[in-house]
Protein chains: 2
Amino acid sequence: MRDTYKALAGANRMRKKVLIVYAHQEPRSFNGCLKKVAVETLSKQGCTVTVSDLYAMDFEPRATRNDITGALSNPEVFSYGVEAYEACKKRCLTSDIVDEQKKVQEADLVIFQFPLYWFSVPAILKGWMDRVLCQGFAFDLPGFYDSGFLKGKLALLSITTGGTAEMYTKTGVSGDFKYFLWPLQHGTLHFCGFKVLAPQISFAPETASEEERKQMMASWAQRLETIWKEVPIPCTPPWYFGQ
Amino acid sequence: MRDTYKALAGANRMRKKVLIVYAHQEPRSFNGCLKKVAVETLSKQGCTVTVSDLYAMDFEPRATRNDITGALSNPEVFSYGVEAYEACKKRCLTSDIVDEQKKVQEADLVIFQFPLYWFSVPAILKGWMDRVLCQGFAFDLPGFYDSGFLKGKLALLSITTGGTAEMYTKTGVSGDFKYFLWPLQHGTLHFCGFKVLAPQISFAPETASEEERKQMMASWAQRLETIWKEVPIPCTPPWYFGQ
C-alpha cells in the first residue's frame with residue numbers, strides 16, 4: 001500500500017503542467033491543428049494541459065482603467081503601469097487577468113500558438129501579454145530578465161507565417177526570423193524570467209502542399225515527445241544578430 | 001485677383017496632411033502632451049492634422065469575423081487574412097476599419113504616438129495595424145515593401161519608454177533600441193510601402209526631472225518644424241543590426 005502511494009506520488013511529481021495560450025479564430029485552421037496535436041501529445045505523456053483560447057474567450061486586449069477594481073491610487077492622472085502594479089499588490093486586478101495569472105503561475109511550460117501578424121503576435125495575444133504580465137506579477141524593478149518572477153518556467157513560441165522560409169533568412173526580404181523574435185523572446189519572455197525554448201516555426205502552411213502540412217504537424221508532435229530534455233536558447237544579442 | 005488666387009492655390013498645394021494615431025489612456029500623460037505639441041506645431045505650419053485617439057474611440061483590437069459585413073467567401077473554415085482581403089475588394093469591411101483607411105489614404109505623414117509596451121506597441125495600436133493595414137488596402141502579394149500600396153507616404157514612430165537610454169544601447173540590458181523597431185518599421189511600415197522617418201524616442205519620462213521632460217517636449221516640437229525636409233532612414237538590416 002505504501003509502495004503504491006509512493007509510486008503515485010512519484011508520478012505526480014513528474015506530472016508537468018503546460019499552459020497553451022492560443023490565438024486563432026478558427027478551430028479547423030492549421031493553428032488549431034497544431035494546438036490540438038500539442039494537447040494530445042502532452043496529455044499522453046501525463047502532462048496536465050490547460051488552453052486559453054483567446055478568441056473563444058473574447059479576451060479583452062485593451063489595457064484600461066477597467067482592469068482595476070475599486071479606487072485608483074492617482075485618479076487625477078491615470079497611469080496604467082502604476083495602477084496595475086498597485087492593484088496587483090492589493091489584489092484588485094480584474095478577474096480575467098487574475099485567472100490567467102493563476103494559469104501561468106501553475107505552469108511549468110507556456111506555449112504560445114499563433115499566426116504571425118505584422119512580425120509579431122495578433123493584437124488579442126499582445127493584449128494578453130500587456131495585461132497579464134504586469135509588474136508585481138511577472139517582474140518588478142529590480143526583478144527582471146534573469147531575476148524575473150517567472151524564472152524556473154519555460155516558454156515556447158509556436159508560430160505560423162504567411163511568408164516562406166526563404167523570405168525569413170538573413171539575405172531574404174523579411175530578414176532572419178530571429179530578428180522579429182527579439183521583442184517577444186527577449187523583451188517579453190526573458191524579461192519576465194522565462195527560459196525560452198527554440199521557436200517552432202511552421203512556414204507558409206496556407207501555400208504548402210497537404211504532404212508538407214502533415215510533415216510540419218508530425219515534426220511538432222515529435223518534438224513535443226522530448227520537449228522536457230531541451231536546452232533553452234541563449235536570449236542574447238549574439239544568438240539573434242550574430243557577432 | 002488672379003495673383004491672390006494663385007498664391008492661395010500654392011499654399012493649398014503645400015498644405016500637408018498628417019494623421020496621428022495616438023494610443024494613451026490619459027490626456028494629461030506625457031504621451032498626451034507630445035500629441036498635443038505635434039497637433040499645435042503642425043497646425044501652425046498650415047498642415048491639416050487628424051488624430052485617431054484609439055482609447056477614446058474604444059477602438060476594437062480583435063481581428064474577427066465581425067470585421068466583414070455580409071457573407072464570407074468561405075464560411076466553413078474562417079481565415080481572417082483571406083476574408084479581410086476579399087471584403088476590402090468588395091467594400092464589405094466594417095465601418096471603423098474603412099474610416100481609418102480613409103484617414104491613412106489622405107495622409108502625407110502618419111505619426112504613431114505611444115508608450116512602449118513589451119518592446120512594441122500597446123495591443124490597441126497593434127489591433128489598429130492588424131485590422132486597418134489589410135491586404136488589398138495597404139499591400140498585395142505581390143505589392144509589398146518598396147511596392148507597398150502606401151508608398152509616397154511617410155511614417156514616424158514617436159515612443160516613450162520605461163527604461164533609460166543606457167538600457168537601450170548595444171551593450172545595455174535591453175539591447176540597441178533599433179532592434180525592437182525592426183518588426184514595426186521594417187515588418188509593418190516598410191512592408192506597406194511607407195518611407196520611415198527616424199523614430200522619436202523619449203526615454204523614461206516618468207523618472208526624468210521636470211526640466212528633462214520640458215527638454216524632450218521642446219526637441220520634439222523643434223524637430224517637427226523641419227520634418228518635411230528630413231530624409232527617411234534606410235529600412236535595411238545594416239541600419240538595424242550593423243554589418
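Residues numbered from 1 in each chain as written. Chains lettered and ligands numbered in written order. Predicted model: local features only at pLDDT ≥ 70, side-chain atom pairs only at ≥ 80, totals over all residues. Heavy atoms only, no water.

## Regarding the overall build of chain A
What counts, and what does not: Under the scheme used here, helices are H or I runs from DSSP no shorter than 4 residues and strands are E runs no shorter than 2 residues, and both carry numbers assigned from the N terminus. The globule rule used here is 2.2 Å times the number of residues to the 0.38 power, and the radius of gyration it is set against is calculated over C-alpha atoms. Each residue's exposure class comes from its accessible area (1.4 Å probe, protein chains only) as a fraction of the maximum for that residue type: buried when under 20%, exposed when over 50%, partly exposed otherwise. Residues are treated as being in contact if the distance between any of their heavy atoms lies within 4.5 Å.
The helix and strand tally for chain A stands at 8 helices and 6 strands. Reading chain A from its N end, one meets helices and strands in the order α-β-α-β-α-α-β-α-β-α-β-β-α-α. Taken over C-alpha atoms, the radius of gyration comes to 19 Å for chain A, in line with the 18 Å a tight globule of 243 residues would show. A principal-axis box enclosing the C-alpha atoms of chain A has dimensions of 65 × 60 × 40 Å. Taken over 243 residues, chain A has a buried fraction of 55%. A separation of at least 24 residues holds for 76% of the contacts in chain A among residues at least 6 apart in sequence.

## A short note on the UniProt feature "domain: Flavodoxin-like fold" (unreviewed entry) in chain A
Quick note on the threshold: UniProt positions are given in the numbering used here, feature names are shortened, and annotations may be inferred rather than shown by experiment.
In the numbering used here, UniProt assigns the "domain: Flavodoxin-like fold" (unreviewed entry) feature to residues 16-224 of chain A. Helix makes up 36% of residues 16-224 of chain A and strand makes up 15%, while its end C-alpha atoms are separated by 13 Å.

## Topic: the relation of the copies chain B and chain A
For clarity, the threshold we go by: All copies are superposed by least squares; the fitting set is the C-alpha atoms of residues with a pLDDT of at least 70 in both.
In screw terms, the move from chain B to chain A is a rotation of 180° and a rise of 0.0 Å along the axis, fitting with an RMSD of 0.0 Å. Such a turn and shift between the copies fits a two-fold axis. No C-alpha of chain B lies nearer the rotation axis than that of B:A123, which sits 2.5 Å from it. Comparing interface residues between copies, 100% of those in chain B also sit at the interface in chain A, which points to an isologous, same-surface contact.

## Topic: the pattern of salt bridges
Let me state the cut-off plainly: Take a side-chain nitrogen of Lys or Arg and a carboxyl oxygen of Asp or Glu: if they are within 4 Å of each other, that pair is a salt bridge.
Within this structure, the stated rule accounts for 24 salt bridges over all chains. A salt bridge links A:K170 to A:D176, with the nearest nitrogen and oxygen atoms 3.8 Å apart. Classification of A:D176 by relative accessible area gives buried; the value is 11%. Connected through salt bridges with shared partners, the residues A:D58, B:E60 and B:R62 form a single ionic network.

## What to know about the interface of chain B and chain A
This is how the line gets drawn: Each of two parts loses accessible area, computed with a 1.4 Å probe, when they are put together; buried area is these two losses added. Put simply, Ala, Val, Leu, Ile, Met, Phe, Trp, Tyr, Cys and Pro go in the nonpolar bin, Asp, Glu, Lys and Arg in the charged bin, and everything else, Gly too, in the polar bin.
Facing the 51 residues of chain B at the interface are 51 residues of chain A. Interface area for chain B against chain A, summed over the two sides, is near 4,000 Å², with a carbon-plus-sulfur share of 63%. Where chain B meets chain A, there are 2 salt bridges. For A:R62, the salt bridge is made with B:D58, and the minimal N-O distance between the two is 3.3 Å. If you list the elements that add at least two residues to the side of chain B that touches chain A, you get α3 (80-89), α5 (123-132), α6 (177-190) and α8 (237-241) of chain B. Ranked by residue count, the leading element in the side of chain B that touches chain A is α6(B), at 7 residues. The class makeup of the residues in the side of chain B that touches chain A is 30 nonpolar, 12 polar and 9 charged.

## A few points about the packing of aromatic side chains
Where we set the bar: For this analysis, a ring pair means two rings from Phe, Tyr or Trp (six-membered ring only for Trp) whose centres lie within 6.5 Å, classed as stacked if their planes differ by under 30 degrees, edge-to-face if by over 60, and tilted for the remaining angles. Here, a charge over a ring is recorded when the distance from Lys NZ or Arg CZ to the ring centre is within 6 Å and its angle to the ring normal is within 35 degrees.
The final tally for this structure, using the stated rule, is 43 aromatic pairs over all chains. When the ring of A:W118 is compared with that of B:F191, the centres are 5.7 Å apart and the planes differ by 75°; the resulting orientation is edge-to-face. With A:W118 in the loop between β3 (109-115) and α5 (123-132) and B:F191 in the loop between α6 and β5 (195-196), this residue pair bridges two chains. Under the relative-accessibility criterion, A:W118 is labelled buried at 13%. Residue class for B:F191 comes out buried when judged on its relative accessible area of 11%. With centroids separated by 5.6 Å and ring planes inclined at 65°, the aromatic side chains of A:F144 and A:Y145 adopt a geometry described as edge-to-face. On the accessibility criterion, A:F144 (22% relative accessible area) is partly exposed. We note A:K178 situated over the ring of A:W239; from NZ or CZ to the ring centre the distance is 4.6 Å. The positively charged end of B:K89 is found above the aromatic ring belonging to B:Y85, 4.1 Å away from the centroid.

## Examining the side chain of A:E83
Residue and element names in this part refer to chain A. The cut-off we apply is this: Any pair of nitrogen or oxygen atoms within 3.5 Å is treated as a polar contact; in protein, a donor-acceptor pairing is required on top of that, and neighbouring residues in sequence qualify only through side-chain atoms on both sides.
Inspection of the secondary structure assignment puts E83 in helix α3 (residues 80-89). Polar contacts involving the side chain of E83 include one to the main-chain amide nitrogen of S73, which spans 2.8 Å. With residues near it in sequence (within four places) discarded, E83 still touches I68, L72, S73, N74 and F78.

## Focus on the packing of helix α6 (residues 177-190) of chain A against α6(B)
Let me state the cut-off plainly: Axis definition: a line fit to C-alpha positions, over the contact stretch in the case of helices; interaxial angles, taken between N-to-C directions, run 0 to 180 degrees. The scheme is simple: roughly parallel for angles under 35 degrees, roughly antiparallel for over 145, roughly perpendicular for 65 to 115, oblique for anything else.
Closest axis-to-axis distance for the α6(A)/α6(B) pair is 9 Å, and the angle between their directions is 110°. When the axes of α6(A) and α6(B) are compared, the pair comes out roughly perpendicular. In this structure, α6(A) contributes A:Y179, A:F180, A:W182 and A:P183 to the contact, and α6(B) contributes B:Y179, B:F180, B:W182 and B:P183. In the contact of α6(A) with α6(B), the residues fall into 8 nonpolar, no polar and no charged.

## Quick look at the environment of B:A198
Residue and element names in this part refer to chain B. Assignment of secondary structure puts A198 in the loop between β5 and β6 (200-202). Residue A198 is classed as partly exposed on the basis of its relative accessible area of 28%. For the pair A198 and P234, spaced 36 residues apart in the sequence, the C-alpha separation amounts to 9.4 Å. In this view, A198 contacts L156, R223 and I233; residues no more than four positions away in its chain are not counted.

## Considering helix α4 (residues 95-106) of chain B
Residues and elements named next belong to chain B. What counts here: A helix is expected to reach a length of 1.5 Å times the quantity of its residues less one. The arc in question is formed by the directions pointing from the helix axis toward the C-beta atoms.
Between its terminal C-alpha atoms α4 stretches 17 Å, which fits the 16 Å expected from 12 residues at 1.5 Å a residue. Restricting attention to buried positions, one finds in α4 the residues I97, E100, Q101 and V104. Burial along α4 is one-sided: seen end-on, the buried residues are contained in an arc of 105°. Of the residues in α4, the exposed ones pointing more than 90 degrees away from the buried face are S95, K102 and E106. The elements touched by buried residues of α4 are β1 (17-22), β2 (48-53), α3 and α5.

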